[in-house]
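Overview (structure and organization)
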Amino acid sequence: MNVLFAASECAPFIKTGGLGDVIGALPQSLHEKGANVSVILPKYGDLPLHFKDQMQWIKSIEVPVGWRRQFCGIEKFHFQGITVYFLDNEYYFRRHGSYGFGDDGERFAYFSRAVLEALPYLEERPNIIHCHDWQTGLIPVHLKAHYENNPYYQGIKTVFTIHNLRYQGVYPKSVLSDLLNLSELYFHMDALEFYGDVSYLKGGLAFADRVTTVSSTYASEIQSPFYGERLDGFLRKRGAELQGIVNGIDNDSYDPKRDENLFLPFDDYKGKSVNKKHLQETLGLPMNADIPIISMVTRLVDQKGIDLILHVFHEILGLNVQFVLLGTGDQQYEEAFRYFEEVYPDKVSANLYFDEALARKIYAGSDLFLMPSQFEPCGIGQLLALRYGTLPLVRETGGLKDTVIPFNELTEEGNGFSFANYNAHELLYTIERAVALYRFQPNKWRNLVEHAMDLDFSWSSSSQQYIKLYQDLLKSDK
């Protein structure tokens, strides 16, 4: 079984969010289970120089983009048992940043076509191309439209994974001829058309042999209008081929016993308390073990439930807690947290940037980790928090619902706290419950923390589900 992961980012080479973590860790787990997995990525200008210096040149080819033919250099790098291929075109990729450019539609139309053009020059022909998010949504489309009669490509299957349905890669209808070499047929057959425009993500949904997303609850949610981002009807049509497989985390990379980013690596509650004290000291907060730290490591966007928090922020701080934030995002939210930090200098630390080392210190030194999301396909933050003994407090949606089991005071089962409705006072009530448990039942809290640190959210179980998906897909062709 040869599987090629096609994606727009992959840790440690290039990462802007959770997608990079997934593409960095899942192939490793599949490799350990016997699958032959490789990864193919754009060669961005931001790639660290020490990786670029180790790449091996394979060859250069030309890639059709509309009426043009564009250069593509193919390079490879062997990394921890995985062959990682990089597609080089300086016009498209030699710039600072991965996304957010006015020509992203052209850049990833090129990348999708270049992946397919590069296949004959890779070490092994893939049986399956596993495509991730809208940036690779055109690969299944091109495979069907331009390569169906080419013997080399016959029998290659595609899997398309939705990491976040909100981001769809929507561009004007003119891209069909200008960039994709596709006739209007592909627009009118309910394959790429999206309210008069073209959706790259919808193309992946329409033409991939199987569709997955990153939790079973999210797979169900996106087939409803509230979560479906105007594709719920189309997703219901593909419901039989849509499967939710929850993401995992890399237990080796995120290991509190060996993490050199921490103030002190630890494996018990006592060691966690030392990290909490140092975190308070570093951030200029009063060093007091009796005051619970509520933290967020997040993008400051509406999806993450920031409105709920701001609506009851004074009441939250009235519970005598400390609030620690790390992340960037919408200006209105950044300004709000700057204001609260000025008003409550002994209670609020707003770090409006991103720093991986500080993120890990926050996971290790906090007591509660807040994720009151409007929607959350899977979520990595709550899994990392559990790994470091910080109890997540989440809204019951997507992967948060699948991974956080609310604490039951009667049975003492559970690994965190949750609330159902997108409501600020329901959030506040849940925080009040959690803070009361911390303050008045410290032994129960300690047991919860040590139980959380023993949980296994590694990729092992999820990668086994992907292997079964691949096997079933290959059998279906026989």
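Refer to the preceding data block for the structure.
Residues numbered from 1 in each chain as written. Predicted model: local features only at pLDDT ≥ 70, side-chain atom pairs only at ≥ 80, totals over all residues. Heavy atoms only, no water.

**Section: the sheet that holds strand 5 (residues 82–88)**
Strands pair in a sheet through their backbones, by hydrogen bonds, and they do so in one of two ways: parallel or antiparallel. The strand order across the open sheet built from nine strands is 3-4-5-2-1-6-7-11-12, with neighbouring strands paired in mixed fashion. Of all strands in the sheet, those bounded by a partner on one side alone are strand 3 (56–65) and strand 12 (242–244). Between one strand axis and the next, the sheet turns through 25° on average, direction left out of account. Here strand 2 (residues 36–42) pairs with strand 5 via five bridges, running parallel. Along strand 5, the bridge assignment pairs Ser38 with Thr83. This element, helix 1 (residues 18–32), spans strand 1 (2–6), strand 2, strand 4 (68–79), strand 5 and strand 6 (128–132) of the sheet and lies at about 160° to strand 2. Helix-sheet contacts for helix 4 (residues 104–118) involve strand 1, strand 2, strand 3, strand 4, strand 5 and strand 6, and the interaxial angle to strand 3 is about 120°. (Pairing = 2+ DSSP bridges. Helix = DSSP H or I, 4+ residues; strand = E, 2+ residues; numbered from the N terminus. Axes fitted to C-alpha atoms, helices over the stretch in contact; angles between N-to-C directions. Contact = heavy atoms within 4.5 Å.)

**Some words on the sheet that holds strand 8 (residues 170–171)**
Taking strand neighbours across the sheet as the criterion, the three strands line up as 8-10-9 in an open arrangement whose pairing is antiparallel. Looking at the sheet topology across the chains shown, the edges are occupied by strand 8 and strand 9 (193–194). One ladder, built from two bridges, connects strand 9 with strand 10 (residues 197–199); its direction is antiparallel. Directly across from Phe194, in strand 10, lies its bridge partner Asp197.

**Thoughts on the environment of Gly137**
Among the secondary structure elements, Gly137 is positioned in the loop between strand 6 and helix 5 (138–146). Of the residues examined, Gly137 reaches a relative accessible area of 0% and is grouped as buried. For Gly137, the contacting residues outside a window of four places in its chain are Phe160, Tyr200, Gly203 and Gly204. (Buried < 20%, exposed > 50% of the residue type's maximum accessible area, 1.4 Å probe, protein only.)

**With respect to the pattern of salt bridges**
According to the stated counting rule, one finds 30 salt bridges in the structure shown. Between Asp190 and Lys202 there is a salt bridge, with the nearest N and O atoms lying 2.6 Å from each other. Within this pair, whereas Asp190 is found in the loop between helix 7 (185–188) and strand 9, its partner Lys202 is found in helix 8 (residues 200–207), the two being separated by twelve residues in sequence. In this structure, Glu450 engages Arg446 in a salt bridge whose closest nitrogen and oxygen atoms are separated by 3.8 Å. Taken together, the positions of Glu450 and Arg446, both in helix 19 (residues 442–454) and four residues apart, correspond to about one turn of that helix. Judged by its relative accessible area of 28%, Glu450 is partly exposed. Shared partners join several salt bridges into a network, and the residues in it are Lys15, Asp21, Asp259, Glu356 and Arg360. (Salt bridge = Lys/Arg side-chain N within 4 Å of Asp/Glu carboxyl O.)

**A word on the layout of surface pockets**
Where empty space is left in the structure can be found by rolling a water-sized probe over the atoms. Of the pockets and cavities examined, the largest pocket occupies roughly 1,300 Å³. Contributing to the lining of the largest pocket are 43 residues, with Thr16, Gly17, Gly18, Leu19 and Arg299 lying nearest its centre. Mapped by element, the contributors of at least two residues to the lining of the largest pocket are helix 1, strand 13 (293–297), helix 15 (356–365), strand 16 (368–371) and helix 16 (381–387). The biggest single contributor to the lining of the largest pocket is helix 1, with four residues. The class makeup of the residues in the lining of the largest pocket is 20 nonpolar, 15 polar and eight charged. (1 Å grid on protein atoms, 1.4 Å probe; cavity = no way out; pocket = protein on both sides within 12 Å on 5 of 7 lines; lining within 4 Å. Points joined across faces, edges and corners; volume = space filled by probe spheres on them. Nonpolar A, V, L, I, M, F, W, Y, C, P; charged D, E, K, R; others polar.)

**Examining helix 19**
Helix length check: helix 19, at 13 residues, gives a terminal C-alpha distance of 19 Å against a target of 18 Å (1.5 Å per residue), a fit within 8%. Along helix 19, the positions that sit buried rather than exposed are Trp445, Leu448, Val449, Ala452 and Met453. Down the axis of helix 19, the buried side of the element spans an arc of 135°, and every buried residue falls inside it. Exposed side of helix 19, more than 90 degrees from the buried face: Asn443 and Asp454 are the residues found there. On its buried face, helix 19 is in contact with helix 11 (269–282), strand 16, helix 16, strand 17 (391–395), strand 18 (417–419) and helix 18 (424–440). (Expected span 1.5 Å × (residues − 1). Arc of directions from axis to C-beta.)

**Observations regarding the pairing of strand 6**
Burial within strand 6 is extensive, with five of its five residues counted as buried. Side-chain alternation along strand 6 places Ile128, His130 and His132 on one buried face and Ile129 and Cys131 on a second face that is also buried. Sheet topology note: the strand 1/strand 6 ladder contains four bridges and is parallel. Bridge pairing in strand 6 links Val3 to Ile128.

**Quick word on the environment of Glu413**
If you trace the backbone, Glu413 turns up in the loop between helix 17 (398–403) and strand 18. Spatially, the C-alpha atom of Glu413 lies 9.8 Å from that of His451, the residues being 38 residues apart in sequence. Among residues more than four places away in sequence, those in contact with Glu413 are Pro406, Phe407 and Asn408.

**With respect to the packing of aromatic side chains**
Counted by the stated rule, this structure contains 34 aromatic pairs. Through a chain of ring-to-ring contacts, the aromatic side chains of Tyr44, Tyr91, Tyr92, Phe93, Tyr99, Phe108, Tyr110, Trp134, Tyr171 and Tyr200 assemble into a single cluster. Here Arg68 stacks its cationic end above the ring of Trp67, 4.9 Å away from the centre of that ring. The aromatic ring of Phe263 is capped on one face by Lys361, whose charged end is 5.4 Å from the ring centroid. (Phe/Tyr/Trp six-rings, centres within 6.5 Å; stacked < 30°, edge-to-face > 60°. Lys NZ or Arg CZ within 6 Å of the ring centre and 35° of its normal.)

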